[in-house]
Amino acid sequence: MSKLIINIAKLYLGTDTKSPLIADKLAEVIFIENAWLLIVHGRIADWGNMELCPERADEIIDAEGGYVLPAFVDSHTHLVFAAPREQEFVQRIQGLSYQEIAQKGGGILNSARRLSACSEDQLLEDAFARLQEVVSYGTGAIEIKSGYGLSVEAELKMLRVIRRLKEISPIPIKASFLGAHAMPMEFKENRSAYINLILDEMLPRIANEGLADYIDVFCEKGFYSTEETDLILNAGAKYGLKPKIHCNQFNSMGGIETAIKYNAVSVDHLEVLNDTEIDALSKSKTIATLLPTAPFFLNDDHFPPARKLVESKVAIALASDFNPGTSPSGNMQFVLSLACIKLRLTPEEAFNAATINAAYALEMDGELGSISKGKKANLMITVPMPSLAFMPYYFGANLVKRMIFS
Ligand code: NIG
Ligand code: FE
């Protein structure tokens, strides 16, 4: 089965890379103009100029002067949830903070109550609709976390929904176990009892059923301490689960050090970050995943110091953090816009951080994240654009005309 895409105004090709793009390399893009692209059995096979275009293929797709780009890899989402939380959005407009809402039993605990009352089938149906929506905005691979279960059965339910989504999804999915997302009310006075549930009941069953690819912890004041994070990551490692953790969203308290100790694939958020942590990241293989829609939506002035990270040779990725509390959008084109406006990344840097570097943040770099021979052909065809910069510039619009999947 072969597919030939013709009349591509600009075809963005992968730079040959064996590791995530850092420093000046993050801005490097290679493209050819007036191009064709051949896909054979779902893999990128060849490309060239329209003047020397193959004549035959099983299917010919006319890009009509649009760009062909690798699909976005969204390496951090909470796509499975039971209900939106727009009332908390209103409470924040009226002056409450995210943490105050959480302390009153809102926030993640609100989502957990709603999820426990929701059937697996309903969760799947709603998550699939969201998945189709984000795919229409250019996402071609995604990570999805548990963490709105917060009980043995409900965490397993969430992870089973993600497994069923994997079976019906047009795009690859990776699952992260986030049992340590918030402390359930009934364990507030006995935190170690809930942590023991994670260690002794959730993890063995999740590992036994092969339900997770990664382990995550919300290492943050009011959520999980560094010591608790250490315990959980240590237990996860025994089951072969590498960490991808939430830390430094509101406070710098040692999460990064702990994550690096366990060879975390990524540390995510980093709105509050000090020089020692940047230095530690630059000496590690851990990717700094930045989620600019979260501080934007919380109207928080702290955005991750992206320029400093790039200058310090830290590998950065961008993701949507799609969730009902802090980022009710999985539109990666908007993530690019915020990355340019609020993180001061150039459009090329943002594009690479949301594609090839994000593929590294999901350990899918051999298969996805760039248009390179042999990789899966998960691509987007855009409407005609004057330049790559037009995508983050023309914010709020959907410039993706068609998605191609292998
Ligand atoms: O990445 N920070 C922790 N977790 C999510 C928010 C979850 C929620 O509020 O429902 C985040 O921002
Ligand atoms: Fe998150």
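I will try to describe carefully the structure that is included in this document. Numbers given for residues are sequential positions, taken from 1 along each chain in its written order. Going through the entries in the order they are written, you letter the chains from A and number the ligands from 1. For a predicted model such as this one, the threshold for reporting local features is a pLDDT of at least 70, and the threshold for listing and counting side-chain atom pairs is 80 or more; totals across whole chains, interfaces and linings nevertheless cover every residue. Computation of side-chain values: all heavy atoms of the structure, hydrogens and water removed.

1. Quick notes on the overall build of the protein
At step 1: Put simply, DSSP marks the helices as runs of H or I at least four residues long and the strands as runs of E at least two long, and each gets a number from the N terminus on. Helix and strand counts for the protein come out as 15 helices and 15 strands.
At step 2: Computation of the radius of gyration draws on C-alpha atoms, with the globule rule given as 2.2 Å multiplied by the number of residues to the power 0.38. The C-alpha atoms of the protein give a radius of gyration of 21 Å, which matches the 22 Å a tight globule of 406 residues would have.
At step 3: C-alpha extents for the protein along the principal axes are approximately 70 × 45 × 45 Å.
At step 4: With a 1.4 Å probe rolled over the protein chains alone, any residue whose accessible area is under 20% of its type maximum counts as buried; one over 50% counts as exposed, and the rest are partly exposed. When burial is assessed residue by residue, the protein has 59% of its 406 residues classed as buried.
At step 5: Long-range pairs, those at least 24 residues apart, make up 73% of the contacts in the protein with a sequence separation of at least 6.
At step 6: Note on areas: Shrake-Rupley with a 1.4 Å probe; residue coverage comes only from the protein chains shown. Within the structure as shown, the protein displays about 16000 Å² of accessible surface, and the carbon and sulfur contribution to it stands at 50%. Should any heavy atoms of two residues lie within 4.5 Å, those residues are considered in contact.

2. A look at the site of ligand 1
At step 1: A single heavy atom is enough: if one lies within 4 Å of a molecule or strand, its residue is considered near that molecule or strand. Contacts to ligand 1 come from 15 residues, most closely from Y98, Y148, Q249, D321 and T326.
At step 2: Here an oxygen atom of ligand 1 sits 2.8 Å away from a polar atom, N or O, in the side chain of R85.
At step 3: In this structure, Y98 approaches ligand 1 through a side-chain N or O atom, which is 2.5 Å from an oxygen atom.
At step 4: Under this grouping Gly is polar, as are all residues other than the nonpolar Ala, Val, Leu, Ile, Met, Phe, Trp, Tyr, Cys and Pro and the charged Asp, Glu, Lys and Arg. Per-class residue counts for the shell around ligand 1 are four nonpolar, nine polar and two charged. Polar contact is defined as a pair of N or O atoms within 3.5 Å, subject to the rule that within protein one atom must be able to donate a hydrogen and the other to accept it, and that residues adjacent in sequence are counted only when both atoms are side-chain atoms.

3. Things to note about the coordination of the iron ion (ligand 2)
At step 1: In the first shell of the iron ion (ligand 2), the protein supplies H76 (NE2), H78 (NE2), H246 (NE2) and D321 (OD), at 2.1 to 2.2 Å from the metal.
At step 2: In the primary sequence, the donor residues of the iron ion (ligand 2) line up as H-x1-H-x167-H-x74-D. The same class applies to H76 and to H78, which are both buried. Counted as donors are N, O and S atoms no farther than 2.8 Å from the metal, or 3.2 Å for Na, K and Ca; water is not among the atoms, and sites may therefore look incomplete.

4. A closer look at the sheet that holds strand β10 (residues 242-247)
At step 1: We call two strands paired when DSSP finds no fewer than two bridges between them. Taken together, eight strands build an open sheet; the order of strands is β6-β7-β8-β9-β10-β11-β12-β13 and the sheet is parallel. Since the sheet does not close on itself, it has two edges, and those belong to β6 (72-74) and β13 (316-318), each with one partner. Averaged over all adjacent pairs, the angle separating strand axes in this sheet is 25°, with direction ignored.
At step 2: Where strand β9 (residues 214-219) and β10 come together, four bridges link them in parallel fashion. Looking across to β10, one finds that F218 is bridged to H246. To define axes, lines are fitted to C-alpha atoms, for helices over the stretch in contact only, and angles between the resulting N-to-C directions are given on a 0 to 180 degree scale.

5. A look at the layout of surface pockets
At step 1: Using a 1 Å grid laid over the protein atoms alone, points where a 1.4 Å probe fits but cannot get out form a cavity; open sets with protein on both sides within 12 Å along at least 5 of 7 lines form a pocket; any residue with an atom within 4 Å of a point counts as lining. Grid points are joined across faces, edges and corners, and a volume is the space filled by probe spheres set on the points. By volume, the largest pocket is sized at about 460 Å³.
At step 2: Surrounding the largest pocket, 21 residues form its lining, P20, S284, K285, T286 and I287 being those nearest its centre.
At step 3: The class makeup of the residues in the lining of the largest pocket is 11 nonpolar, five polar and five charged.
At step 4: Those domain boundaries reflect an automatic or database domain assignment. Inspection of the lining of the largest pocket shows a minimum of three residues originating in each of domain 1 (2-70 + 370-404) and domain 2 (73-360).

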